[in-house]
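What follows is each chain in one-letter form.
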Amino acid sequence: MDSVPKFKLNTGAQMPAIGMGCWAGFSEEEAEGAVSWFLTALKVGYRHFDTAWMYGTEKYLGEAIRQSGIPREELWINTKLAWHHPGLKTVEESLAESLRNLGTDYVDSYLLHWPQVVDWPYGVGALDMLRKAAKLFQEGKEPIAVRDSPTFNETWTGMEAVYRKGKARNIGVSNFSVKTLEKLLETAKVVPAIDQVELHPYLVQEDLRTYCDAKGIRLVAYTATGYNAVLTNPLIVELAEKYKASPAQVVLAWHLARGVIVVPKSADPQRQRANLNLPSLEPGDVQRISALDRNERYTKAGPTGKANGWTHEQLGW
Ligand SMILES: NC(=O)c1ccc[n+]([C@@H]2O[C@H](COP(=O)([O-])OP(=O)(O)OC[C@H]3O[C@@H](n4cnc5c(N)ncnc54)[C@H](OP(=O)(O)O)[C@@H]3O)[C@@H](O)[C@H]2O)c1
């Protein structure tokens, strides 16, 4: 691959089809430590970065971009509206905070992180909240309480407002299914440009891809590698030998062949570089990989069977 391909969104924008995932871990040290691997990512050629208010890495991404000296207009920055903000702040206030963190006056894309709104005490930081939730999860307690309002339809009007003001050049959603997208589209005036979801050869989501294709919504895959479970699958290993590539490169190439954008995270410069240089797969091999589907998610439901406070049925999973 000579240069990173770009995929067109329904706004006409051209989004780099490979981005760097910016979740760094639960501690502030890990978030801060990401500056060094964000810098190597910029150095090896990444121009698309996928962060979120919830990751606590926006300010460190901003810091790495400043240190790199790369002009803002060469970059695609995606961030996400925290899942509690719709209840505590307006979308505009929330985006303003993210922009301050990032040190920029617009984002290329802004996503509604989850369809549900989480009950969250005002002023509690992202990583503090996530650590607390993880502890409750381990203790077998439901870690997340949700609110009934505002609904994601109501929050979307705020997303549309920041889009119209140019603060977010594209708007989209994350963790939306066919069910929740259908509900959103009942009232949306702007069709989401993006839906970022868990997607890999064990969770192919062909129905969601077909639906999004028909509506002009571009899918972005997270957990795109499928971790070691997928990377050690015998077919993936066989194809890695055939294409003289690594298993991760084969899996990432499969996403691109399906028209799906990927945001793999790697803190290792060699793997960062490898993930940008993907083989071109024969259509028959794309189909063979798709046939590995097991409808298996790594975004685990909590101890009460809910994922971040909603049942799989509510999420449409
Ligand atoms: N919207 C959402 O709700 C949501 C949820 C989860 C994640 N995300 C986004 O998606 C990004 C990535 O998600 P993820 O971390 O779950 O999945 P991932 O990118 O598929 O997996 C990351 C893991 O794969 C390893 N890896 C990366 N490239 C590799 C390669 N070429 N060969 C072997 N191992 C490789 C990394 O290790 P090294 O760092 O050591 O290379 C890391 O342990 C996140 O950073 C975040 O931006 C979004």
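Conventions and cut-offs
- Residues numbered from 1 in each chain as written.
- Predicted model: local features only at pLDDT ≥ 70, side-chain atom pairs only at ≥ 80, totals over all residues.
- Heavy atoms only, no water.
- Near = heavy atom within 4 Å.
- Polar contact = N/O pair within 3.5 Å; in protein donor to acceptor, adjacent residues only side chain to side chain.
- Areas by Shrake-Rupley, 256 points an atom, 1.4 Å probe, with all protein chains shown as cover.
- Nonpolar A, V, L, I, M, F, W, Y, C, P; charged D, E, K, R; others polar.
- Helix = DSSP H or I, 4+ residues; strand = E, 2+ residues; numbered from the N terminus.
- Contact = heavy atoms within 4.5 Å.
- Pairing = 2+ DSSP bridges.
- Axes fitted to C-alpha atoms, helices over the stretch in contact; angles between N-to-C directions.
- UniProt positions renumbered as here; feature names shortened; annotations may be inferred.
- Buried < 20%, exposed > 50% of the residue type's maximum accessible area, 1.4 Å probe, protein only.
- Right-handed = clockwise from strand over helix to strand, strands pointing away.

This part is about the site of the ligand. Taken together, 24 residues lie around the ligand, and Asp50, Thr225, Tyr227, Ser266 and Arg271 are the ones closest in. Between an oxygen atom of the ligand and a main-chain N or O atom of Cys22, the distance comes to 3.2 Å. Between the ligand and Thr225, the relevant distance is 2.6 Å, taken from an oxygen atom to a side-chain nitrogen or oxygen of the residue. Taking 910 Å² as the accessible area of the ligand by itself, protein coverage stands at 80%. Counted by class, the shell around the ligand contains 11 nonpolar, nine polar and four charged residues.

Looking now at the environment of Phe152. Checked against the element boundaries, Phe152 lands in helix α6 (residues 152–164). With 37 residues separating them in the primary sequence, Phe152 and Pro115 have C-alpha atoms 5.7 Å apart. Once residues lying within four places of it in the same chain are set aside, the contact partners of Phe152 are Leu112, Pro115, Phe176, Thr180, Lys183, Leu184 and Trp310.

Another point: the sheet that holds strand β10 (residues 194–198). Judged by pairing direction, the sheet is parallel, and its eight strands sit side by side in the order β3-β4-β5-β6-β9-β10-β11-β12 without closing on themselves. Edge strands, defined here as strands with exactly one partner in the open sheet, are β3 (20–21) and β12 (261–262). Sheet topology note: the strand β11 (residues 218–222)/β12 ladder contains two bridges and is parallel. Across the sheet, residue Ala221 finds its bridge partner in β12, namely Val262. Relative to strand β5 (residues 76–81), helix α4 (residues 91–102) is tilted by about 135°, and along the sheet it contacts β5 and β6 (109–112).

What follows concerns the UniProt feature "domain: NADP-dependent oxidoreductase" (unreviewed entry) in the chain. UniProt feature "domain: NADP-dependent oxidoreductase" (unreviewed entry): in the numbering of this structure it lies at residues 18–292. Helix makes up 47% of residues 18–292 and strand 13%, with an end-to-end C-alpha separation of 23 Å.

Most of β10 sits out of view: five of its five residues are buried. Alignment of strand β9 (residues 171–174) against β10, held across two bridges, turns out to be parallel. Residue pairing for β10: Val173 is matched across the bridge by Asp195. Pairing of β10 with β11, which is carried by five bridges, proceeds in the parallel orientation. Residue pairing for β11: Glu198 is matched across the bridge by Tyr222. Regarding topology, helix α8 (residues 206–215) serves as the crossover connection from β10 to the parallel β11, and that connection is right-handed.

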